[in-house]
Amino acid sequence: MKKPFVYITRSLPDEQVKQLSEIAIVEMWEKEEEPCPRNVLLEKAKQADALLTMLSDQVDQELLNAAENLKVISNLAVGYDNIDLKYASSKDIIVCNTPDVLTDTTADLAFALLMAAARRVVEAADYIKEGKWKGWSPLQLAGIDLHHKTIGIVGMGKIGSAVAKRAKGFDMKVLYHNRSRNEEAEQAVHAEYLDLEDLLAQSDFVVCLTPLTEQTKELFTYDRFKQMKRTAIFVNVSRGAVVIEGDLLRALEEGMIAGAGLDVFVKEPIEADHPLLKLQSVTALPHIGSATGETRRKMMDLCCKNIALVLKGDKPYTQVQLKAGKR
Ligand code: DGY
């Protein structure tokens, strides 16, 4: 019997894909840092029984129409806004993501970014390395306290709950806003549900962890930033497109909020001369939410297992359901 064909859109370590090589013909885009060009992806998709994709690959109608044999798309991310899920489902193509294995790692990063922005860690690290430190002084690089403050989490799924747990360790008051109530988080960390407007008005730190959907696209506008405290710090570890970046820039420039910690951007990679990156009040990271060696290997493993299961005719571990949206 002809072996199925699996195309992986980035170079992954051989030992990670071994389980697939045993049951399928596996090809990979050879570069680790550069995305698979669109024309290559379209060409490979035509023959593929399975695709292992990155969040930077657009799996849209054009691609799904070209992919006549495709049975499964396994996305190396918990987010799947790069995939037209509805269209894939209409073609009986299974879509899988990598929830759970990255929850704590991404929550750690969200909290690290929050702390870095509040305590000016990146600015201070640059300061010493650039030879600017001429001696200790009382208000030098003074930041904002986190402990005993109020954190407002927008998107209280698994990662949001894990961030809330960390916040509790810092004696923070936890507010949240979500599509639906999260009773588990309410009990575990005494998180208080608020509507978005109240959460923005009361939080010292607003952390966005919501998936990108029709409802959350461009959720954070100038008016929303205006509703926040002037001392507030906004942190985004979800997707860039939940924010209108021009509005965030204006809010920061006008002092409507005090700072931002950003791990995600509308266009990735963001241009180095983007005005947001020029602001001292912005702490920026290159989308590294789940980027630890351990977690990325677990994500790769899960992606491969899901593909192997579907190709054998079994149910994958983590199939995205059409109505899902919790991270
Ligand atoms: C995801 O998995 O969706 C995250 O953005 C990765 O950091």
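Heads up: these notes are all about the structure in this document. (Residues numbered from 1 in each chain as written. Predicted model: local features only at pLDDT ≥ 70, side-chain atom pairs only at ≥ 80, totals over all residues. Heavy atoms only, no water.)

1. Quick notes on the overall build of the protein
Here's step 1: A count of helices and strands for the protein gives 13 helices and twelve strands.
Here's step 2: Its C-alpha atoms put the protein at 75 × 45 × 30 Å along the principal axes.
Here's step 3: Burial statistics for the protein: of 327 residues in total, 49% are counted as buried.
Here's step 4: For the protein, restricting intrachain contacts to residue pairs at least 6 apart in sequence, the fraction spanning at least 24 positions comes to 58%. (Helix = DSSP H or I, 4+ residues; strand = E, 2+ residues; numbered from the N terminus. Buried < 20%, exposed > 50% of the residue type's maximum accessible area, 1.4 Å probe, protein only. Contact = heavy atoms within 4.5 Å.)

2. Let's talk about the site of the ligand
Here's step 1: Residues in close proximity to the ligand total ten residues, the closest being Ala 77, Val 78, Gly 79, Arg 239 and His 287.
Here's step 2: Within the backbone of Val 78, one N or O atom sits 2.7 Å away from an oxygen atom of the ligand.
Here's step 3: Within the side chain of His 287, one N or O atom sits 2.7 Å away from an oxygen atom of the ligand.
Here's step 4: For the ligand, whose unbound accessible area comes to 240 Å², protein coverage reaches 97%.
Here's step 5: Classifying every residue of the shell around the ligand gives three nonpolar, four polar and three charged. (Near = heavy atom within 4 Å. Polar contact = N/O pair within 3.5 Å; in protein donor to acceptor, adjacent residues only side chain to side chain. Areas by Shrake-Rupley, 256 points an atom, 1.4 Å probe, with all protein chains shown as cover. Nonpolar A, V, L, I, M, F, W, Y, C, P; charged D, E, K, R; others polar.)

3. As for the state of the cysteines
Here's step 1: The full count for this structure, using the stated rule, is zero disulfides.
Here's step 2: Cysteine Cys 36 shares no disulfide, and the gap to the nearest cysteine sulfur, in Cys 303, comes to 15 Å.
Here's step 3: Unpaired in terms of disulfides, Cys 96 finds its nearest cysteine sulfur in Cys 303, a separation of 8.1 Å. (Disulfide = S-S within 2.5 Å.)

4. Looking at the packing of helix 1 (residues 14-21) against helix 13 (residues 293-311)
Here's step 1: The geometry of helix 1 relative to helix 13 is characterised by a closest axis approach of 9 Å and an angle of 10° between their N-to-C directions. Viewed along their axes, helix 1 and helix 13 adopt a mutual orientation that is roughly parallel. For the pair helix 1 and helix 13, contact is made by Gln 16, Val 17, Gln 19 and Leu 20 and by Arg 297, Met 300, Asp 301, Cys 304, Lys 305, Ile 307 and Ala 308, respectively. (Axes fitted to C-alpha atoms, helices over the stretch in contact; angles between N-to-C directions. Parallel < 35°, antiparallel > 145°, perpendicular 65-115°, else oblique.)

5. Remarks on the sheet that holds strand 1 (residues 5-8)
Here's step 1: Pairing within the open sheet is parallel, and its five strands lie in the order 2-1-3-4-5. At either end of the open sheet lies a strand with only one pairing partner, and these are strand 2 (25-28) and strand 5 (94-96). When strand polarity is set aside, the average angle formed by the axes of neighbouring strands in this sheet is 15°.
Here's step 2: Of the strand pairs in this sheet, strand 1 and strand 2 are connected by four bridges, and their pairing is parallel. Considered in strand 2, the bridge of Phe 5 is made with Ile 25.
Here's step 3: Against the sheet, helix 1 engages strand 1 and strand 2, with an angle of about 145° to strand 2. (Pairing = 2+ DSSP bridges.)

6. Description of the nonpolar core
Looking at soluble globular proteins, one finds that nonpolar side chains tend to be buried together.
Here's step 1: Membership of the largest hydrophobic core comes to 51 residues, with the highest contact counts inside it found for Leu 52, Ile 151, Ile 153 and Val 163.
Here's step 2: In terms of residue count, the dominant contributor to this core is helix 5 (residues 103-119) (eight residues).
Here's step 3: If you count residues domain by domain, this core takes at least three from each of domain 1 (5-101 + 293-311) and domain 2 (103-284).
Here's step 4: Beyond its immediate stretch of four places on either side in the chain, Ile 153 contacts Gly 160, Val 163, Ala 164, Val 174, Leu 175, Tyr 176, His 177, Leu 199, Val 207 and Leu 209.
Here's step 5: Grouped together as the second largest cluster of nonpolar side chains are 30 residues, Cys 208, Val 242, Leu 249 and Leu 252 included. (Core = buried A, V, L, I, M, F, W, Y, C linked by side-chain atoms within 4.5 Å. Domains from an automatic or database assignment.)

7. Regarding a nonpolar patch on the surface
Here's step 1: A cluster of nonpolar side chains, Ile 128, Trp 133 and Trp 136, forms an exposed patch at the surface whose accessible area comes to about 420 Å².
Here's step 2: Among the structural elements, Ile 128 can be located in helix 6 (residues 121-129). (Patch = residues over 30% accessible without salt bridge, like charges linked within 9 Å, V, L, I, M, F, W, Y side chains within 5 Å. Salt bridge = Lys/Arg side-chain N within 4 Å of Asp/Glu carboxyl O.)

8. As for the sheet that holds strand 9 (residues 205-208)
The strands making up a sheet are joined through hydrogen bonds of the backbone, oriented either antiparallel or parallel.
Here's step 1: Ordered in space as 8-7-6-9-10-11-12, the seven strands form an open sheet in which the pairing is parallel. Strand pairing shows two members of the sheet lacking a second neighbour, strand 8 (192-193) and strand 12 (282-284), which therefore form its edges.
Here's step 2: Examined bridge by bridge, strand 6 (residues 150-154) and strand 9 share four bridges and lie parallel to one another. Bridge assignment links Val 154 to a residue of strand 9, and that residue is Cys 208.
Here's step 3: Seen against the sheet, helix 11 (residues 245-253) touches strand 10 (233-236), strand 11 (259-262) and strand 12 and runs at an angle of roughly 145° to strand 11.

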